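In case you want the letters, here they are:
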Amino acid sequence: MRLRLEKRLEPSRTMLVMTPVLSVIAIMILGVIIFDGLGYDGPQAVWELFFTPVLDVYKWRDVASKAAPLIIIALGLSLGNQAKIWNIGAEGQYILGAIGAAGVAFVTQSMTGFWIIPLMILVGMTCGAFYAAIPAVLRTRYGVSEVLSSLMFVYVSLQLLSYLITGPWKDPDGHNFPQTAQLTDAQVLPHEVWNSGILPGLLIALIVAIIFYIIVSRTVFGFSVRAIGEAPHAARYGGFSSNGIVWATLMISGAMAGLAGVLELMQLTRLNLGFPSGYGFTAIIVSLLGRSHPIGVFIAGIVLAITYVGGQVAQTVVHVPNATAGLFQALLLFAILASDLLVRYRVRINVSSPPKEGQRS
Amino acid sequence: MSVAPRLELIDVSKRFPGVLANDRVSLSVKPGEIHALLGENGAGKSTLVKMIYGIQAPDSGSILWEGQEVRIAHPRAARRLGVGMVFQHFSLFEAMDVLENIALGLDGSVSRKQLDAEIRLVMEKYGLKLDPRRQISTLSVGERQRIEIVRALLLNPRLLIMDEPTSVLTPQEVEDLFKTLRRLASEGCSILYISHKLHEIVELCERATILRGGKVVATCDPRQETARSMGEMMIGSDLRDPARGQVSVEGPVRLSVRDLSLPKPDDFGVALEQISFQVKGGEIFGIAGVAGNGQNELLEALCGEHLADLHTVIEVDGAPVGRSGPSGRRKHGLCSVPEERNGHAAIGAFSLSDNAILTARSRMGFENQGFIRKAGADEFAADVIKTFAVKTLGPDALAGSLSGGNLQKYVMGREIMQSPGVLVVSQPTWGVDAGSAAFIHQALIDLAAQGSAIVVISQDLDELLRLCDRLSVINLGKLSTPRPVGDVSVQELGLLMGGSHGASVHDAGGIHAA
């Protein structure tokens, strides 16, 4: 008996949906083995990591507050993924979004008005979009890979953040801590939407997901993004400009990352050195796990948020190291990339012994 | 004659999900015989050959090599038996020289010097002219094919499989190839010659096995048959010639190209130099030439993928469109079909309906303020499928799941049913079975009869001579003066096409020396 891979005539739709689920199950099993091997209670660690946040109602709010930025960023990234344009620098655009909103907050500190929050969001999204436009210029004018340039601009944004919070924007009443002043009530969203218990961030993520769904499936722009990703030459023949798509997808994903940055700033109420949380990087996993489909991304965002929250739980209950959540996220990335094989190939098991060999190799 | 056949297939079957690609196929090739394997696209020729060359394994039946049953597990095993194969699509590295490319294809490792000597020996023996030190990117397609032949001959094959070898050659190159093949056969090498160019088979082969729908429908001696009778066996019905009614080419000029020049798009591309021509309504204008002489560049310049320097260089019905992209030109009525079906004319991973959106969205009105009217695209795709007799499950089938001929019919149908004022097509019937080819030709003729201007870029001279009113030849990015089809002989065209024998020798040498 031997295993053989056979290329499928068409990519399997079932596998496209099933492999992310299989990946999550696979890393749960892998997690049990790894933690057992390291001398922890493996099954319990995995239980706390994946199931406690789901079963404990008090953890839902935590999960939602982490899922919202992940989903919003990943939705933006998934648009680029479909055009095979890889924005790895969402973390930087996320920070720039928060910086933009913090700038508005800095200026409007003593003001009130319903317009302040929309202005913060608008400025934050614009900052994120223009920050992502830099890799777009480099790619379309000079042929620089956006994978590298967008990633490197993350580090620039970290320096900018630390300059601002230790310099011009430092909170004068902050006992010399490197942080900005706390946002005023006019600068933050309410904790929940109309006392329903739903986080405003999650509601926004839901609305964004619906908008993206419509863009991708119903508009010529969404069509052009998919066409460029599948067959750039055919897309050009169809009348779509590949440079235009590079610009659009990078700037849209930058704007989404910026939006997530603004919402996160409103939740934390100030910028400090702890603000860069890695959501921009984790969102890459979310978009891949969600198959770049709005519904998939929404679910994947919640799954990844669970690993964040569960990582903290497992840390206190089973005393696993705090890098646990990151470990699982990385494993998940590998699992999802590896399982992609099943979408394009089927595994055949040959049981019959080969006929007599006239020609031996 | 009690000599065992070189190769014998007995009741070989191969099933793929959903199709029986080969249904108990039996076939035998004698030593030194040139044997034709004839059939439409999808008849099962490729599958059969892949099993002989060890790329796929038969589900049942047996393969006998010189009387002994063998199991050919992989191409290396096939080569060790003495089976050589020249594929339709070459696998050569552009930036390397001939010698390096041949070395890469060999199973063992041979020193460069020794290989050089061996190559020269083989080439001398079979009258193949080629400098082993030349870089691939400077070679014509005919020369590239010679590399593949040399590569196969180095192994002293006793059976050589040639898959559609002449589709990219000039008439003179075809003659040279036939000489080589006859020489090989006279030395006892069997040749399995796959083609659907019937007159070539009549000229070259001693026996023909005809496949239809995965089954052998006939075995015949092509010398006793006519191209027509074999064609009818192949498609299983009467072959109908496209009917070209009385042509009056007195319509208004619909497409005008004046001094179109474009730099080469990349290192391996061809620059277009001062191309000028006009096509009237109702006229079919042909552009002949050996592949790689600027056909793709010209098509892309005409359809708007590459823009001209000036708006007035290209005019459609008097309206300048030189600086408009593909969408702008389509709005003016200029539609096009590029040579490469999958990945250029169509997106394999998209449904047929989505592929209709790709080029027909504005002309057929399923684009509305940036939104797509999916129902409109479905309806149009279904219409194309029906009108052009495309064999498929429906508008939702992926373009990549269609056979070459069917996808070509769909793509042609998609453009023709947009009623373009000007249609530019490249290689409309390349790799397409005879039945579909006749259908596509008829569709082009009908479109011209409705008053459209048509430009056909093709390497198939027969096709151009049958279809066109006037002809030009493209060679190294330059277009010869258009001439009425009746005034020009195949030999003359062959000389204009140049290839490795004509004008291009000097230029290619120049590139080589640089």
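Just so it is clear, the structure is predicted and the values come from calculations on it, not from any experiment.

Cut-offs applied
- Residues numbered from 1 in each chain as written.
- Chains lettered and ligands numbered in written order.
- Predicted model: local features only at pLDDT ≥ 70, side-chain atom pairs only at ≥ 80, totals over all residues.
- Helix = DSSP H or I, 4+ residues; strand = E, 2+ residues; numbered from the N terminus.
- Rg over C-alpha atoms; globule rule 2.2 N^0.38 Å.
- Contact = placed C-beta atoms within 7 Å.
- Pairing = 2+ DSSP bridges.
- Axes fitted to C-alpha atoms, helices over the stretch in contact; angles between N-to-C directions.
- pLDDT = per-residue confidence, 0-100.
- Expected span 1.5 Å × (residues − 1).
- Parallel < 35°, antiparallel > 145°, perpendicular 65-115°, else oblique.
- Left-handed = near helix turned anticlockwise from the far one by under 90°.
- Nonpolar A, V, L, I, M, F, W, Y, C, P; charged D, E, K, R; others polar.
- Core = buried A, V, L, I, M, F, W, Y, C linked by C-beta atoms within 7 Å.
- Buried ≥ 20, exposed ≤ 12 C-beta atoms within 10 Å, placed from the backbone.
- Domains from an automatic or database assignment.

## Quick notes on the overall build of chain A
So, step 1. Counting its regular elements, chain A contains 14 helices and two strands.
So, step 2. Its C-alpha atoms give chain A a radius of gyration of 23 Å, within 12% of the compact-globule value 21 Å for 361 residues.
So, step 3. Principal-axis analysis of the C-alpha atoms gives chain A an extent of 90 × 60 × 35 Å.
So, step 4. Look at the contacts in chain A between residues 6 or more apart in sequence, and 78% of them connect residues 24 or more apart.

## Here's the deal with the sheet that holds strand β1 (residues 7-16) of chain B
Residues and elements named next belong to chain B.
So, step 1. The strand order across the open sheet built from four strands is β2-β1-β4-β5, with neighbouring strands paired in antiparallel fashion. The two strands at the open ends of the sheet, each matched to only one other strand, are β2 (19-29) and β5 (68-70). If you compare each strand with its neighbour and ignore which way they point, the axes differ by 30° on average.
So, step 2. With seven bridges connecting them, β1 and β2 associate as antiparallel partners. Along β2, the bridge assignment pairs Glu8 with Ser28.

## Description of the confidence of the model for chain B
All names here are of chain B.
So, step 1. The predicted model of chain B has a mean per-residue pLDDT of 85, with 92% of residues at 70 or higher.
So, step 2. Per-residue pLDDT stays below 50 along residues 499-514; that stretch engages in 25 contacts with residues further than four places along the chain or on separate chains.
So, step 3. The complex prediction reports pTM at 0.77, with the ipTM value standing at 0.83.

## A look at helix α12 (residues 374-387) of chain B
So, step 1. Between its first and last C-alpha atoms α12(B) spans 20 Å; for 14 residues at 1.5 Å apiece the expected length is 20 Å, and the two agree.
So, step 2. Elements that come into contact with the buried residues of α12(B) comprise α11 (352-360), β18 (371-372) and α13 (404-416) of chain B.

## Here we look at the sheet that holds strand β7 (residues 159-163) of chain B
Residue and element names in this part refer to chain B.
So, step 1. On the basis of which strands lie adjacent, the open sheet formed by six strands has the order β6-β7-β8-β3-β9-β10 and mixed pairing. The outermost strands of the open sheet, each flanked by one partner alone, are β6 (83-86) and β10 (215-220). In this sheet, adjacent strand axes meet at a mean angle of 20° when their direction is disregarded.
So, step 2. Bridge count for β6 against β7 is four bridges, and the pairing is parallel. Within the sheet, the bridge partner assigned to Val83 lies in β7 and is Leu159.
So, step 3. Helix α6 (residues 171-186) contacts β3 (34-39), β7 and β8 (190-195) of the sheet and is inclined by roughly 145° relative to β8.
So, step 4. The strands touched by helix α8 (residues 227-235) within the sheet are β3, β9 (207-212) and β10, with β9 carrying the most contacts at an inclination of about 35°.

## Some points on the packing of helix α3 (residues 98-105) of chain B against helix α5 (residues 141-153) of chain B
Any two packed helices are characterised by the angle at which their axes cross and by the distance between the axes.
Residues and elements named next belong to chain B.
So, step 1. One can describe the packing of α3 onto α5 by two numbers: an axis separation of 10 Å at closest approach and a directional angle of 45°. Taken together, the axis directions place α3 and α5 in an arrangement best described as oblique. Crossing hand, α3 versus α5: right-handed. Across the interface between the two elements, Val98, Asn101, Ile102 and Gly105 from α3 touch Ile147, Val150 and Arg151 from α5.
So, step 2. By residue class, the composition of the contact of α3 with α5 is four nonpolar, two polar and one charged.

## Some points on the environment of Ala105(A)
So, step 1. Tracing the sequence through the fold places Ala105(A) in helix α5 (residues 90-107).
So, step 2. Considering only alpha carbons, one finds Ala105(A) and Gly143(A), 38 residues apart in sequence, at a separation of 37 Å.

## Side note on the interface of chain A and chain B
So, step 1. Facing 21 residues of chain A, the contacting portion of chain B comprises 34 residues.
So, step 2. Elements supplying a minimum of two residues to the side of chain A that touches chain B: α9 (220-230) and α10 (232-237) of chain A.
So, step 3. Of the residues contributing to the side of chain A that touches chain B, the split by class is nine nonpolar, seven polar and five charged.

## Brief notes about the nonpolar core
So, step 1. Within the largest apolar cluster, 252 residues are counted, with the highest numbers of intra-cluster contacts made by Ile71(A), Ile72(A) and Ile73(A).
So, step 2. Two domains each provide a minimum of three residues to this core, namely domain 1 (7-235) and domain 2 (253-513) of chain B.
So, step 3. Beyond its immediate stretch of four places on either side in the chain, Ile72(A) contacts Ile204(A), Ala205(A), Val208(A), Met256(A), Leu259(A) and Ala260(A).

## Section: the domain arrangement of chain B
So, step 1. Split into domains, chain B comes out as domain 1 (7-235) and domain 2 (253-513).
So, step 2. Its C-alpha centre places domain 1 of chain B at a distance of 30 Å from the equivalent point of domain 2 of chain B.

## Side note on α9(A)
So, step 1. The element α9(A) is extensively covered by neighbouring structure, given that nine of its 11 residues are classed as buried.
So, step 2. Taken together, the buried positions of α9(A) are Val220(A), Gly222(A), Phe223(A), Ser224(A), Val225(A), Arg226(A), Ala227(A), Ile228(A) and Gly229(A).

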